[in-house]
Amino acid sequence: MAGEINEDVKAMSFEQALDALEKIVDDLERGDVPLDQSIRIYERGEALKVHCDRLLKAAEDKVEKIRLSRDGKPVGTEPLDAD
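These remarks concern the structure in this document. (Residues numbered from 1 in each chain as written. Predicted model: local features only at pLDDT ≥ 70, side-chain atom pairs only at ≥ 80, totals over all residues. Heavy atoms only, no water.)

1. Some thoughts on the environment of Leu28
For step 1, the next point in the chain: Locating Leu28 in the fold gives a position in helix H2 (residues 14–30).
For step 2, the next point in the chain: For the pair Leu28 and Ile41, spaced 13 residues apart in sequence, the C-alpha to C-alpha distance is 8.3 Å.
For step 3, the next point in the chain: Those residues in contact with Leu28 that lie beyond four places of it in its chain are Ser38, Ile41 and Tyr42. (Helix = DSSP H or I, 4+ residues; strand = E, 2+ residues; numbered from the N terminus. Contact = heavy atoms within 4.5 Å.)

Written out as structure tokens, the structure is:
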């Protein structure tokens, strides 16, 4: 059931998901949300967090650093973290 409710999360951009997650945190911190609703929005928050993590990892994988020759001219790229 929670998976069906959170299907729209997959289509969100990182910024949209982060904004939605921040709103959930604000709502839960206020403490005036009924328990059953708190559980639902907490589950949605988990789905948003996983989605943000996935998008962030994909962006990090695309980041490259430019390699320079001895005279300072670009000669290619390599992964930012060559692990």
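There is more to say after this.
2. Section: the side chain of Asp27
For step 1, the next point in the chain: Mapped onto the elements, Asp27 comes out in helix H2.
For step 2, the next point in the chain: Within polar-contact distance, the side chain of Asp27 engages the side chain of Arg30 at 2.9 Å.
For step 3, the next point in the chain: Residues in contact with Asp27, not counting those within four places in the same chain, are Asp32, Val33 and Ile41. (Polar contact = N/O pair within 3.5 Å; in protein donor to acceptor, adjacent residues only side chain to side chain.)

3. A word on the pattern of salt bridges
For step 1, the next point in the chain: For the coordinates displayed, the defined rule picks out seven salt bridges.
For step 2, the next point in the chain: Across the pair Arg44 and Asp8 runs a salt bridge, and its minimum N-O distance is 2.8 Å. Here Arg44 is found in helix H3 (residues 35–62), whereas its partner Asp8 is found in the loop between helix H1 (2–5) and H2, with 36 residues between them in sequence.
For step 3, the next point in the chain: Asp8 sits in the partly exposed class, given a relative accessible area of 38%.
For step 4, the next point in the chain: Asp32 is paired through a salt bridge with Arg30; the nearest N and O atoms lie 3.0 Å apart. Neither residue differs from the other here; Asp32 and Arg30 are each classed as exposed. (Salt bridge = Lys/Arg side-chain N within 4 Å of Asp/Glu carboxyl O. Buried < 20%, exposed > 50% of the residue type's maximum accessible area, 1.4 Å probe, protein only.)

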